[in-house]
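Coordinates in review
Take a look at the letters that make up each chain.
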Amino acid sequence: MKVVTTRAELRAVRAEFPRLGLVPTMGYLHEGHLSLVRMAKQECGAAAVSIFVNPTQFGPGEDLSTYPRDLDRDLRYLREAGADLVWTPRVEDIYPSGFATTVTVGGITDVLEGARRPGHFTGVATVVAVLLGAVSPTRAYFGQKDAQQVRVIQRMATDLALPLDVVVGPTVRESDGLAMSSRNTYLSEGERASASVLYRALCAARAAAEGGEFDAHALRRLMAQLIVGEPMAEIDYVSVADPDSLAELATIDPARGALLSLAVRFGRTRLIDNVVLPPSR
Ligand code: PAF
């Protein structure tokens, strides 16, 4: 496994791999990331991983300075998962002096995470554009857990005619259903126990929709009721949205399906999760 830092080092090593799958990450890796690495390796023959805590996607007062970091541990996990190339750029390798370009995806970034975290998706789209441009992978892999991020990157890749496939891997969950996230490490024992309510709420709404409840307001209320039953949980939003536009729905059209998603705070930790209701045939 080759580990490189500068763009010149990356270019030199990149030439060794005719086909390469890239998994962009911010490090502090968990099974969600590693499942994408294995998928990239299987589909492309070689897997690259970038590890970069991107400052431009954090807002003021967010957790940039405390975001968990442990490069030795990440490299150990990546060796075990069979990664071939790891890029660990410094801020100046991503944003060299004179850097003056930002990528803003319109429309779908106005809602959900985009509405609560102004500038977040411009930071994400810009860094992902740099990572894809520098690595030039055959395919790039992202987790469904960040459902809106996936939509934003797919939109960017289509609009900018990027010559690669964007592949989405399923959310990997702990045994109680909590979606794996580097931020789970912030949770106290009590908060961690309460946090399983996120997936329970999503599953309850999905079951109700599958049972014929298409009133989106009733589904939001059902999720909210379950979450407020956990004293440590504070709802940021619960959403039943169109799977493409991400606009809030009044009624689910079973032929289109829906994205059920939520953001909930446990103390200082903000967690997101989602499930997709697929369109009925
Ligand atoms: O999902 C993440 O870890 C980040 O948003 C990404 C895609 C690596 C961009 O910094």
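For the structure, see preceding data.
Just so it is clear, the structure is predicted and the values come from calculations on it, not from any experiment. Sequence order sets the numbering: in each chain, residues are counted from 1 along the sequence as written. Restriction of local features to residues with pLDDT of at least 70 applies here, the model being predicted, together with a cutoff of 80 or more for giving and counting side-chain atom pairs; totals for whole chains, interfaces and linings are based on all residues. Hydrogens and waters are ignored; side-chain quantities use all the structure's heavy atoms.

In DSSP terms, a helix is any run of H or I states spanning at least four residues, a strand is any run of E spanning at least two, and both are numbered starting from the N terminus. What the chain contains, in helices and strands, is 10 helices and 9 strands. Across its three principal axes, the chain shows a C-alpha extent of roughly 55 × 40 × 35 Å. The rule is simple: take the accessible area with a 1.4 Å probe, protein chains only, and divide by the maximum for that residue type; under 20% is buried, over 50% is exposed, in between is partly exposed. Within the chain, the fraction of its 281 residues that count as buried is 52%. The contact criterion used throughout is that any non-hydrogen atoms of two residues lie within 4.5 Å. Sequence-distant contacts in the chain: of pairs separated by 6 or more residues, those separated by 24 or more amount to 71%. For the accessible areas, the method is Shrake-Rupley and the probe is 1.4 Å, while residue cover comes only from the protein chains on display. Of the roughly 12,700 Å² of accessible surface on the chain, 52% is carried by carbon and sulfur atoms. Between the mean site of the 30 positive side-chain charges and the mean site of the 33 negative ones, the chain shows a separation of 3 Å. Counted charges follow a simple rule, with Lys and Arg positive, Asp and Glu negative, and His plus the chain ends left uncounted. Just so you know, the charge point we use is NZ for Lys, CZ for Arg, CG for Asp and CD for Glu.

Note: two strands are recorded as paired if DSSP finds a minimum of 2 bridges between them. Read across the open sheet, the 3 strands follow the order β7-β8-β9; overall the sheet is antiparallel. Every other strand in the sheet has two partners, leaving β7 (233-241) and β9 (269-277) as the edge strands with one partner each. Here the strands of the sheet are splayed against their neighbours by 10 degrees on average, with no regard to which way each runs. Relative to β9, strand β8 (residues 258-266) runs antiparallel, the two being bridged by 9 bridges. Along β9, the bridge assignment pairs S261 with N274. Sheet strands in contact with helix α10 (residues 216-228) are β7 and β8, and its direction is about 160 degrees off that of β7. Axis definition: a line fitted to C-alpha atoms, over the contacting stretch in the case of helices. Angles run 0 to 180 degrees between N-to-C directions.

Now for the site of the ligand. Every residue close to the ligand is listed here: P24, T25, M26, N54, Q57, V127, V128, D146 and Q149. Between Q149 and the ligand, the recorded distance is 2.7 Å, taken from a side-chain N or O atom to an oxygen atom. Surface burial for the ligand is 90%, taken as the share of its 290 Å² of free accessible area covered by protein chains. Sorting the residues of the shell around the ligand by element identifies β2 (21-25) and α6 (120-135) as the ones contributing at least two each. Polarity classes work like this: nonpolar for Ala, Val, Leu, Ile, Met, Phe, Trp, Tyr, Cys and Pro, charged for Asp, Glu, Lys and Arg, and polar for all others, with Gly in that last group. Residue composition of the shell around the ligand, by class: 4 nonpolar, 4 polar and 1 charged. Whether a residue is near a molecule or strand depends on its heavy atoms: it is near if one of them lies within 4 Å of it. Polar contacts, as counted here, are pairs of nitrogen or oxygen atoms within 3.5 Å of one another; within protein the pair requires one atom able to donate a hydrogen and one able to accept it, and residues that are adjacent in sequence qualify only if both atoms are side-chain atoms.

Moving on, we get to helix α1 (residues 7-14). Within α1, the full set of buried residues consists of L10, V13 and R14. Buried residues of α1, viewed axially, fall in a sector of 100 degrees; they line one side. The outward face of α1, more than 90 degrees from its buried face, is lined by the exposed residues R11 and A12. Looking at the buried positions of α1, the neighbouring elements they touch are β1 (2-4), β4 (85-87) and α6. An arc is given here, and it is the one of the directions from the helix axis to the C-beta atoms.

Another point: the sheet that holds strand β5 (residues 139-143). Pairing within the open sheet is parallel, and its 6 strands lie in the order β1-β4-β3-β2-β5-β6. Both edges of this open sheet fall to β1 and β6 (165-169), since each of them pairs with a single strand only. Across the sheet, the mean angle from the axis of one strand to that of its neighbour is 25 degrees, orientation sign disregarded. Sheet analysis places β1 next to β4, joined by 3 bridges and oriented parallel. Looking across to β4, one finds that V3 is bridged to V86. Along the sheet, helix α7 (residues 147-159) makes contact with β5 and β6, crossing β6 at roughly 170 degrees.

Closest axis-to-axis distance for the helix α2 (residues 31-44)/helix α3 (residues 71-81) pair is 10 Å, and the angle between their directions is 35 degrees. Every pair of crossing elements has a handedness; the one defined by α2 and α3 is right-handed. Taken together, the residues of α3 that come into contact with α2 (itself represented by L34, V37 and R38) are Y77, L78 and A81. Here is the rule for handedness: rotate from the far helix to the near one, and if that takes an anticlockwise turn smaller than a right angle the crossing is left-handed, while a clockwise turn gives right-handed.

Quick look at the side chain of H30 now. By the element assignment, H30 lies in the loop between β2 and α2. A distance of 3.0 Å separates a polar atom in the side chain of H30 from the backbone nitrogen of G32. Residues contacting H30, with those up to four places away along its chain left out, are M180, S181 and S182.

Here the focus is the environment of A250. Within the secondary structure layout, A250 lies in the loop between β7 and β8. Its relative accessible area of 58% is what places A250 among the exposed residues. Residues A250 and E16 lie 234 residues apart in sequence; the distance between their C-alpha atoms is 52 Å. Each residue touching A250, except ones within four places of it in the same chain, is listed here: F214, D215, A216 and H217.

In this structure, A125 sits in helix α6. A125 gets classed as buried once you look at its relative accessible area, which sits at 0%. Taking the C-alpha atoms as reference, A125 lies 9.6 Å from A157; in sequence the two are 32 residues apart. Other than its neighbours up to four places away in sequence, A125 contacts V103, V105, V152 and M156.

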